[in-house]
Each structure stands twice: as structure tokens, then as C-alpha cells.
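Residue strings, one per chain:
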Amino acid sequence: MADNKVYRASTTAPVNIAVIKYWGKRDPKLNLPTNSSLSVTLSQSDLRTHTTASCSPSYPTSDSLLLNGSPQDVSGARTQACFRELRTLRQALEASKPSLPKLSTYPLKIVSENNFPTAAGLASSAAGFAALVRAIADLYELPATPTELSKIARQGSGSACRSLFGGYVGWDKGTAADGSDSVAYEVAPAAHWPAMRAVILVVSAAKKGVSSTTGMQTTVATSSLFPARANETVPRRMKEMETAVKAKDFETFARVTMKDSNSFHATCLDTEPPIFYLNDVSRAAIKVVEEVNKEAGKTVAAYTFDAGPNAVIYYLEESEKEVAGLFKAMLGEKEGWEGARGSKVEANKSALEVVEKEA
Ligand code: DP6
């Protein structure tokens, strides 16, 4: 009798926001970056992707993906690379244990839900691909470590490799041509610096104008500022940032975060044609942070912006009133803000937890 069983695993993956930005690919096919990057993982209770991966011989012949209820195209090279690599690992497992069901031969059905706007510069692809890779790896019962899975998630979306870990996470650009050493690693667990907080100011939840992928390719090809950023500035800042995180030195963390965001947006402006991710409301947020820091007489808040106008403000719990309080008050008074989401740095040991599993 045919095996019509449905095999299923679910997982959630957090959003991460880079404080040293990934911008530029040295190999677009393998998604290898021109520079290393470092991010902070946000709490899953605020921003996360929930994904269920299932497979069955009874499913229609092709793989499918549903995101927030809408069918997505899975024929793209990135999704295909993730499916292929995970199936290859499962095949190796099946070859070593012939009693295992041949899940690698069954069509996959992926169902994902984001609890935040998709593709609005809120790192949705990071949480999305991390959850997809982890859910399939769990479904296939792969004995892969987060580092190994980060290599696969990276091929879905670069920043996704960092969402395989919680806390403070680096992505080493690596030097190998096959990308085998371009992996994510833990700089420090969330518990190391639990006072870290982030507030996300949603200026616009609309889809971004220029996608990260297109934007960074054009920057690499046309910006004359870019080589200095990739080869000198970022390697130096990676060291400064790792040291600051390990020493829980917020002033350095904040200063380097803001400088790196500005350096990244400067290379965007230096791109031909120029890319503008920040708008007037974003620039107003920068001014507010400067004011808050001036009034405090020290750096208590840091802004950073990804490929969109939304601001992420990092601060410590002890500065909650001055920083988050001020921004929340601003939301009521200023035009242009759609909302704010406060977030703690992910407190779980592992950023990814299996919330349901059936086989
Ligand atoms: C500005 O990871 O979305 O958020 O690899 O092409 O999918 P692809 O790019 P993506 O780029 C993220 C860019 C960034 C900075 C960062 O997260 O490091």
C-alpha cells in the first residue's frame, strides 16, 4: 500500500538587525559577501516568522510555499538552492539508514507567517529563510549544527544566516571560493548582555523601492566609496564591535553602529543611479537620537537603518524612559510614523525553537 503519511515540522525564526551591515556580494550565485557583518537578534515575541514544513507522497508533484496566505514562486535560484542542499543532506541520511522513509523524494509544502510587514526593510527575508531552512532540517531530522545550516540559509538570503543564532551574531565573509567558510557564528549569547533593547520605528510598512539584492549589486559596480568600506572600514569596525559587545561597552557599540549605518547609506547615495533609503522622517529620527544623547551627556541611544526608511534604535534598559519614552511620545505628535515595536534582544539560548513536530 502506498505511504500517504504527511510528515511535518514547525519552527520560528527571529529577525536580526545588523549593526555592521552586509552590503555587496563577491559571488552572487553562492551569495558570498564582500564584507563580514554583525547583528543583534530581536525577541521572537515581537518579530518572527513561523514556518511549517511538511512533505508527503500524496502531495501534488511540485514543491510549494505559502507566505501569509499567498502562494509564492519557488522556482527562483535561492529557494531552489535551499531545497536542493537540504534534500542532499537527507539523501545521505537515508543512504546510511535504509529503514528511514524516503522524505527526500516527496514534494515539500512550506507554510510561513510573518507577524510584521514583509519586505519593508524589517529583515523579513532573514527570518523567512532561516525559518524555512530550520523547519526543513527538522522535518528531515538532519543532525546539522546552526553553523552548517547558516551556510544553506545564506544562499536563500545573506542576512538569514545570522538568524540561525540568538544574541550577538557575526557572519564571517570567508575566503573559500565554494563558500564553505562563509558562515554565521555566535559573538555572545543574549544572556551576556540582557539589558540591550531595540525599538523599531515603522516609518513605512510599504515594500521597499530598491531591493537589497539589486541595490548592493549596483553599489559594488558603481560606487567609488565602496572599496574602502569593504576592505578597510568594515574589517576594522568588526573588531571594534566584537570587543564592545564582549566588554558590554554601550558607548562604543552605539558609536560604531551609527557610523556604520551612515557609511552604508553613504555608499548607497554614491551608487549610480543613487539609492535613497532614508527619508525626512528617518532623518528626523537621527536628530532625535542626537538630542537624546546630548541631553544625557553620553551616548544612550544608537540608530541604524537597513534598506528602508524604518529606524531601529538600540538602547539599554536603564535608559528606557529617556529613549523609548521620547520616541513613543514623538509618534503621537509627528506625522509620518506608522508605529513602533519595542523589542528585547532574543533571550532564548537557541534563537530557533521547535514548537511542534510530528512524524
Ligand atoms: C541592509 O540579506 O536582504 O539589511 O542576500 O541579497 O537577500 P540578499 O540581501 P539581504 O541584505 C540585507 C542588507 C541589510 C544589511 C544587513 O542585514 O546586514
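The rules behind the values
- Residues numbered from 1 in each chain as written.
- Predicted model: local features only at pLDDT ≥ 70, side-chain atom pairs only at ≥ 80, totals over all residues.
- Heavy atoms only, no water.
- Helix = DSSP H or I, 4+ residues; strand = E, 2+ residues; numbered from the N terminus.
- Buried < 20%, exposed > 50% of the residue type's maximum accessible area, 1.4 Å probe, protein only.
- Areas by Shrake-Rupley, 256 points an atom, 1.4 Å probe, with all protein chains shown as cover.
- Near = heavy atom within 4 Å.
- Polar contact = N/O pair within 3.5 Å; in protein donor to acceptor, adjacent residues only side chain to side chain.
- Nonpolar A, V, L, I, M, F, W, Y, C, P; charged D, E, K, R; others polar.
- Core = buried A, V, L, I, M, F, W, Y, C linked by side-chain atoms within 4.5 Å.
- Pairing = 2+ DSSP bridges.
- pLDDT = per-residue confidence, 0-100.
- Contact = heavy atoms within 4.5 Å.
- Phe/Tyr/Trp six-rings, centres within 6.5 Å; stacked < 30°, edge-to-face > 60°.
- Lys NZ or Arg CZ within 6 Å of the ring centre and 35° of its normal.

Caption draft 1: A look at the overall build of the chain. Across its full length, the chain carries eight helices and 16 strands. Taking all 359 residues of the chain together, the buried fraction comes to 54%. For the chain, the accessible surface area stands at approximately 15,100 Å², while carbon and sulfur atoms represent 53% of it.

Caption draft 2: Examining the site of the ligand more closely. The immediate surroundings of the ligand are formed by 18 residues, with Y22, K25, S157, S159 and T213 found nearest. Taking D306, its side chain carries an N or O atom lying 3.4 Å from an oxygen atom of the ligand. Burial of the ligand by the protein chains amounts to 94% of its free accessible area of 460 Å². If you tally residues by element for the shell around the ligand, the top one is helix 4 (residues 212–222), at three residues. The residue inventory of the shell around the ligand, partitioned by class, reads six nonpolar, seven polar and five charged.

Caption draft 3: The arrangement of the nonpolar core in detail. Counting 50 residues, the largest nonpolar core has F253, I313 and Y314 as the members making the most contacts within it. Membership of the second largest hydrophobic core comes to 43 residues, among which are A130, L132, L142 and A184.

Caption draft 4: Molecular detail of the pairing of strand 9 (residues 108–114). Residues of strand 9 alternate between two faces, with L108, I110, S112 and N114 buried on one and K109, V111 and E113 left unburied on the opposite face. As paired strands, strand 6 (residues 48–55) and strand 9 are joined by seven bridges and run antiparallel to one another. Within the sheet, the bridge partner assigned to S54 lies in strand 9 and is K109.

Caption draft 5: Structural view of the confidence of the model for the chain. The predicted model of the chain has a mean per-residue pLDDT of 88, with 86% of residues at 70 or higher. Across residues 345–359, confidence stays below pLDDT 50; counting only partners more than four residues off in sequence or on other chains, it has 58 contacts. Interface confidence for the predicted complex, given as ipTM, is 0.99, next to a pTM of 0.91.

Caption draft 6: Highlighting the packing of aromatic side chains. With the rule as written, the count across this model stands at ten aromatic pairs. Plain terms: the ring middles of W23 and Y277 are 6.0 Å apart, the flat faces sit at 85° to each other, and that makes the pair edge-to-face. With W23 in the loop between strand 2 (16–20) and strand 3 (25–27) and Y277 in the loop between helix 6 (250–269) and helix 7 (280–296), the pair connects residues that are 254 residues apart, well separated along the chain. For Y277, a relative accessible area of 6% corresponds to the buried category. Members of the aromatic cluster, connected to one another through ring pairs, are Y168, W193, F250, F253 and Y314. The cationic tip of K109 hangs over the ring face of Y59; the distance from NZ or CZ to the ring centre is 4.2 Å.

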